[in-house]
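As a plain string of letters, each chain reads:
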Amino acid sequence: MGTSVQVTPLCGVYSENPLSYLVSIDGFNFLVDCGWNDLFDVNLLQPLSRVCSKVDAVLLSHPDVLHLGALAYAMKHWALSAPIYLTEPVLRLGQLTMYDHYFSRKQVSDFDVFTLDDIDSAFQNPNVTSLKYSQNFHLTGKGEGIVITPNVAGHLLGGTIWKITKDGEDVIYAVDYNHRKERHLNGTVLESFVRPAVLITDAYNALNNQPPRRQKEQEFLDAILKALRSEGNALLPVDTAGRAFELILILEQYWTQHHLAFPIYFLTNVASSTIDYIKSFLEWMNDAIAKSFEHTRDNIFLLKHVTLLVSKSELEKIPDTPKVVLASMASLEVGFSHDIFTEWATDVKNLILFTERGQFGALARMLQVDPPPKAVKVTVSKRVPLVGDELRAYEEEQERLRKAEVLKATLKKEEDLKVSHVSDTSSAEPMVIDATSVHVPSDVAVSRSSIKREIFIDGFVPPSTSVAPMFPFFDSSAEWDEYGEVINPDDHVAKSEDMDRQFIHEFGGEVGGKVDDASVHLLLDSTPSKVISNEMTVQVKCGLIYMDFEGRSDGRSIKSILGHVAPLKLVLVHGSAEATDHLKQHCLKHICQHVYAPQIEETIDVTSDLCAYKVQLSERLMSNVLFKKLGDYEIAWVDGEVGKADDTLSLLPLSSAHSHISQFLLVEFSGGALRCGEYVTVRKVGDSTQKGGGPGTQQVVIEGPLSEEYYKIREHLYSMFYVL
């Protein structure tokens, strides 16, 4: 039987919900993608919660919320602790994407679904392994014999098509791929795979066909310039670190070629960090960018016409002139794009240009219907400082909590002291203290003043049963060098500054210190505050346009690619019910006979119909093998037959007569004969020394009486003749 393969969708089938699937290869469980949506609806993750404990490895394909948004939540709440494999851009940009979502939510709500600590624990733990494209990674332990390989998917920077190989059979996971080469990305390599055992792919774009790229880009630019030249503004709701890069390059290049002066702004909580990162990811982009950098050292993301902003206050300080703003989030649910929309939507001169389909239930999706609504209800929230009675109540509550903490700590110390006294009285010998062996805790030996505070215990009364009780003593002798007493600068740092430094290290250090200042100060601001929310109806008078710049292959291209790949078995996921059924019927008719479209938590068995067997090379066979050097490898030709040795399948040497005849025929003789048995002789005659055109005419002659032995040898010769 072939490699056992089962697929269980956890989310994202017969719908456009986030992607998450369990793929089992001979009992080894891969969690392929771990997505969420911008609404962070925990109900979507219930199927995932039931399998986290048995996941052996996690494969992530793209750096957006739909593919990795639930990773931090699953690791915190459901103890998902399996090794994680992804490319470096998916790792870094995915982390920044989650930062942006957290900051956007925290600014307008008491968001506690996940924290920055949860994000860092997910993306900066030792179980995360980043791989390069086409790098074969061999799993060990339970996954012994399985090889995983990331390949170019297109669509997003670092986007991956995963190839999982076991016993020579390939399982391909290819969702959200793009065959077209773009300004900053190469096209997918999916067409390079031929006849994989299983292909898992999506039907998201099965019903959509796109116009030529040049036509689409010109319509995009014309729409923006029309709004700007009418004294209006253009808002492009975008993701944090995905398709926004392609849009930025389109605008940057056009503005440079036509010497336009309209300002362009890229506004996210992590805008500067994001651009700094992708400047170092040129090797992950298309070949032209890498070659250009090698020859001219010009980085395509040294932007001249696009200004990076990390807060809305920066945008508000800019003069009120026509401008283009690319702002997160693409769903318009929260973030800067939501706030700007509520302000600009009422002006007929402005334009809201959507470049990707909005998620179901999101405001962006509501605005993309045809015809668009004339008014929408939105919730406007903002964080304001506490004042008056609310501030006093908050401070009283904080004081009460502080006293409770102090009381709890005091009671704990007294309890610990009682325990130590009981331990002292149980000792029969007097207590002997060796000052040289006293260990000074790091949290105590910070400074001399802190040591003094530590040793004063209010109401200290030595128990009568204690043996030689004394206050804790720490040797605080100073270190000296040739310049005098060694001073530790950290002892003289103000406590509040030290806390700020620690925070910046924790949330900025691991990503190269590139968390934007505005985002850091948002969290460092300890001013008591509250969130004020109110619903309002926005009259939509501005222009609303949707143009597909998602960077996915369209329906016509998907069908062509699948026809070329021609998988033995096909599993369809992620797409509307209509798109999934349409692609399924097409594939059943034109691609292969085994096409599956499972429901949520429905496990389908797509084990290959091919039979694969493992055989050992026997010692008798290998003892006569002659290896020849070929580059870094050694190769040899082996003739053998499968048999059983020690109850295991082994490749054994050919039978005696067959082996001798094979050797005789494959080696050039100038003369001689091979005696087979008692009466039969095999001769090889002809001119074997002829040079130039070939070896000359040769014949094999069998001499001997007609007998059972004669016919057996002749049968061997005939079989060798046809094999050769």
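Residues numbered from 1 in each chain as written. Predicted model: local features only at pLDDT ≥ 70, side-chain atom pairs only at ≥ 80, totals over all residues. Heavy atoms only, no water.

Novice: I'd like to hear about the overall build of the protein, residue by residue, with values.
Specialist: When its secondary structure is counted, the protein shows 21 helices and 32 strands. By the burial criterion, 46% of the 724 residues in the protein qualify as buried. When the accessible surface of the protein is split by element, carbon and sulfur atoms take 52% of a total near 38,200 Å². (Helix = DSSP H or I, 4+ residues; strand = E, 2+ residues; numbered from the N terminus. Buried < 20%, exposed > 50% of the residue type's maximum accessible area, 1.4 Å probe, protein only. Areas by Shrake-Rupley, 256 points an atom, 1.4 Å probe, with all protein chains shown as cover.)

Novice: How would you sum up the packing of helix H4 (residues 88-106) against helix H5 (residues 116-123)? Please name residues and give values.
Specialist: The N-to-C vectors of H4 and H5 enclose an angle of 170°; their axes lie 10 Å apart at closest approach. What the angle tells us is that H4 and H5 run roughly antiparallel. Contacts between H4 and H5 involve Leu91, Gly94, Gln95, Met98, Tyr99, Tyr102 and Phe103 from the first element and Leu116, Ile119, Asp120 and Phe123 from the second. When its residues are assigned to classes, the contact of H4 with H5 shows eight nonpolar, two polar and one charged. (Axes fitted to C-alpha atoms, helices over the stretch in contact; angles between N-to-C directions. Parallel < 35°, antiparallel > 145°, perpendicular 65-115°, else oblique. Contact = heavy atoms within 4.5 Å. Nonpolar A, V, L, I, M, F, W, Y, C, P; charged D, E, K, R; others polar.)

Novice: Summarise the sheet that holds strand E8 (residues 146-152); cite the residues concerned and give the values.
Specialist: Reading across from one edge, E7-E8-E9-E10-E11-E22-E23 is the order of the seven strands in this open sheet, with mixed pairing throughout. With one partner strand each, in any of the chains shown, strand E7 (137-138) and strand E23 (595-596) form the two edges of the open sheet. Pairing geometry for E7 and E8, over two bridges, is antiparallel. Residue His138 lies in a different strand from E8, and its bridge partner there is Val147. (Pairing = 2+ DSSP bridges.)

Novice: Any details on empty space enclosed by the protein? Residues and values, ideally.
Specialist: In this structure the tally under the stated criterion is five cavities of 30 Å³ or more. Counted as a void, the largest cavity has a volume near 380 Å³. Listed by contribution, the elements that provide at least two residues to the lining of the largest cavity are helix H2 (65-68), H4 and helix H12 (363-367). In terms of residue class, the lining of the largest cavity is made up of ten nonpolar, nine polar and ten charged. Each of two domains, domain 1 (5-208 + 552-605) and domain 2 (213-374 + 540-546), supplies a minimum of three residues to the lining of the largest cavity. Contributing to the lining of the second largest cavity are 14 residues, with Asn178, Glu182, Arg213, Lys216 and Arg243 lying nearest its centre. Of the residues forming the lining of the second largest cavity, the biggest block, three residues, is contributed by helix H6 (residues 213-229). (1 Å grid on protein atoms, 1.4 Å probe; cavity = no way out; pocket = protein on both sides within 12 Å on 5 of 7 lines; lining within 4 Å. Points joined across faces, edges and corners; volume = space filled by probe spheres on them. Domains from an automatic or database assignment.)

Novice: Which residues make up the sheet that holds strand E15 (residues 324-327), and what are the values?
Specialist: The strand order E14-E13-E15-E12-E16-E21 describes an open sheet built from six strands, whose pairing is parallel. In this open sheet, the two strands that pair with only one neighbour each are strand E14 (306-309) and strand E21 (543-546). Between one strand and the next, the sheet's axes are offset by a mean angle of 20°, whatever the strand orientation. Where strand E12 (residues 234-237) lies against E15, four bridges are found, and the strand directions are parallel. Residue Ala234 lies in a different strand from E15, and its bridge partner there is Val324.

Novice: Now, about the pairing of strand E3 (residues 28-34): what can you tell me, with residues and values included?
Specialist: The buried fraction of E3 amounts to seven of the seven residues, a majority that puts the element mostly inside the structure. A loop of two residues connects strand E2 (residues 20-25) with E3, the two strands running antiparallel in sequence, and Asp26 in this loop sits at a positive phi of about 50°. When E3 meets strand E4 (residues 57-59), the two strands line up parallel, connected through three bridges. Across the sheet, the residue bridging to Val32 is Leu59, located in E4.

Novice: I'd like a description of the packing of H4 against helix H8 (residues 271-279), backed by residues and values.
Specialist: When two helices pack together, their arrangement is given by the angle between the helix axes and the distance between those axes. H8 packs onto H4 with a crossing angle of 175° between their chain directions and a minimal axis gap of 10 Å. Judged on the interaxial angle alone, H8 and H4 are roughly antiparallel. Contact residues: H4 offers Arg92, Leu93 and Leu96, while H8 offers Ser273, Thr274, Tyr277 and Ile278. In terms of residue class, the contact of H4 with H8 is built from four nonpolar, two polar and one charged.

Novice: Explain the packing of aromatic side chains residue by residue, including any values.
Specialist: All told, the structure shown has 18 aromatic pairs when counted by the stated rule. Measuring from centroid to centroid gives 6.4 Å for Tyr99 and Phe103, while their planes differ by 45°, and the two rings are tilted. With Tyr99 and Phe103 both in helix H4, this residue pair falls four residues apart, about one helical turn. An aromatic cluster is built from Trp36, Phe40, Tyr73, Trp78, Tyr99, Tyr102, Phe103, Phe111 and Phe114, whose rings are joined through pairwise contacts. Between the NZ or CZ atom of Lys216 and the centre of the ring of Phe549, over which it lies, the distance is 4.9 Å. Directly above the aromatic system of Phe360 lies the positively charged group of Arg365, at a separation of 4.1 Å from the ring centroid. (Phe/Tyr/Trp six-rings, centres within 6.5 Å; stacked < 30°, edge-to-face > 60°. Lys NZ or Arg CZ within 6 Å of the ring centre and 35° of its normal.)

Novice: Lay out the pattern of salt bridges in plain terms, naming residues and giving numbers.
Specialist: Between side chains of opposite charge, a pair can form as their charged atoms come close. Evaluated as defined, the whole model comprises 23 salt bridges. Glu88 is the partner of Arg92 in a salt bridge, and the nearest nitrogen-oxygen pair spans 3.1 Å. Here Glu88 and Arg92 lie together in helix H4, a separation of four residues that amounts to about one turn. Arg243 is paired through a salt bridge with Glu182; the nearest N and O atoms lie 2.6 Å apart. With Arg243 in the loop between E12 and helix H7 (244-258) and Glu182 in the loop between strand E10 (169-174) and strand E11 (198-202), this pair connects stretches of sequence that are 61 residues apart. With respect to class, Arg243 is no different from Glu182; both count as buried. Residues participating in the shared-partner salt-bridge network are Glu16, Asp176, Arg357, Arg365, Glu550 and Arg552. (Salt bridge = Lys/Arg side-chain N within 4 Å of Asp/Glu carboxyl O.)

Novice: Now, about the nonpolar core: what can you tell me, with residues and values included?
Specialist: Counting 85 residues, the largest nonpolar core has Leu48, Phe220, Ile224, Leu236, Trp255, Val324 and Leu326 as the members making the most contacts within it. Sort the elements by how many residues they give to this core and H7 lands first, with nine residues. There are two domains that each give this core at least three residues, and those are domain 1 (5-208 + 552-605) and domain 2 (213-374 + 540-546). Those residues in contact with Leu236 that lie beyond four places of it in its chain are Phe220, Ile224, Leu247, Val324, Val325, Leu326, Ala327 and Leu353. If you look at the next biggest cluster of nonpolar residues, it comprises 30 residues, including Val7, Phe28, Leu139 and Trp162. (Core = buried A, V, L, I, M, F, W, Y, C linked by side-chain atoms within 4.5 Å.)

Novice: Run through the environment of Cys542, naming residues and quoting values.
Specialist: Looking at the secondary structure, you find Cys542 in the loop between strand E20 (529-539) and E21. Take Cys542: its relative accessible area is 7%, and that puts it in the buried class. As for Cys542 and Ala345, which are separated by 197 residues in sequence, their C-alpha atoms are 5.1 Å apart.

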